[in-house]
Amino acid sequence: MKLPVIKHLTQFIAENDEDFVVETIETLEALTEVPSLKDEELDVIGELISNMYGAIEVNKMIKEGTPQKEALNSFMKRVLGAIDK
């Protein structure tokens, strides 16, 4: 996951609508079923999907009243903590 991408997507959600990101996730998930995709291509699609899910999570925290910077930092700490385990 890349914090700058999640931050940018969070801003996109704030300016537009979360539904755009959800629909994009669904489209990318459908693309992963194409049998001719290479592993590298699947990795890129997976990275995009994980960043979009991250942005949705950060957006939920912001809606609950957490300042954007704090929400981003908290989310990344959770992700890094999960990776370290």
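In every chain, residue numbers begin from 1 and rise along the written sequence. In keeping with the predicted nature of the model, local features appear solely for residues at pLDDT of at least 70, side-chain atom pairs appear and are counted solely at 80 or more, and the whole-chain, interface and lining totals rest on all residues. Hydrogens are left out, water is left out, and the side-chain values use all remaining heavy atoms of the structure.

Considerations on the nonpolar core
General note: in soluble globular proteins, nonpolar side chains tend to be found buried as a group.
For step 1, the next point in the chain: If you look at the biggest cluster of nonpolar residues, it comprises 18 residues, and the most contacted ones within it are Ile-6, Val-21, Ile-25, Met-52, Val-58 and Phe-75.
For step 2, the next point in the chain: A total of seven residues in this core trace back to one element, the largest contributor, which is helix H3 (residues 39-63).
For step 3, the next point in the chain: Residue contacts are defined here by distance: any two heavy atoms, one from each residue, within 4.5 Å place the two residues in contact. Sequence-distant contacts of Ile-6, that is, excluding residues within four places in its chain, are made with Met-1, Asn-51, Gly-54, Ala-55, Val-58, Leu-72, Phe-75 and Met-76. We call a set of buried Ala, Val, Leu, Ile, Met, Phe, Trp, Tyr and Cys residues a nonpolar core when their side-chain atoms join them within 4.5 Å. Here the term buried applies to any residue with accessible area under 20% of the maximum for its type, exposed to any over 50%, and partly exposed to those in between, with areas from a 1.4 Å probe on protein chains only. Strands here are runs of E lasting at least two residues and helices are runs of H or I lasting at least four, both read from the DSSP assignment and numbered beginning at the N terminus.

A closer look at the packing of helix H2 (residues 18-31) against H3
For step 1, the next point in the chain: Where helices are involved, their axes are fitted lines through C-alpha atoms of the stretch in contact, as for all axes, and angles between N-to-C directions lie from 0 to 180°. The interhelical angle for the contact between H2 and H3, taken along N-to-C directions, is 155 degrees, at an axis separation of 10 Å. Our classification of the angle between H2 and H3 gives roughly antiparallel. Our pair here, H2 against H3, has a crossing hand that is left-handed. For the pair H2 and H3, the contacting residues are Glu-18, Val-21, Val-22, Thr-24, Ile-25, Leu-28, Glu-29 and Leu-31 in the first and Ile-45, Leu-48, Ile-49, Met-52, Tyr-53, Ile-56, Asn-59 and Lys-63 in the second. Should an angle fall under 35 degrees it is called roughly parallel, over 145 degrees roughly antiparallel, and 65 to 115 degrees roughly perpendicular, with every other angle called oblique. Left-handed describes a crossing whose near helix is turned anticlockwise from the far helix by less than a right angle; the clockwise case is right-handed.

Here we look at the pattern of salt bridges
Pairing between side chains of opposite charge can happen when the charged atoms of each approach one another.
For step 1, the next point in the chain: One side-chain nitrogen of Lys or Arg within 4 Å of one carboxyl oxygen of Asp or Glu is enough to make a salt bridge. Taken as a whole, this structure holds two salt bridges when the rule is applied.
For step 2, the next point in the chain: The closest approach of N and O atoms between Lys-60 and Glu-57, which form a salt bridge, is 3.8 Å. With Lys-60 and Glu-57 both in helix H3 and three residues apart, the pair spans about one turn of that helix.
For step 3, the next point in the chain: Given a relative accessible area of 40%, Lys-60 falls into the partly exposed group.
For step 4, the next point in the chain: Under the relative-accessibility criterion, Glu-57 is labelled partly exposed at 31%.

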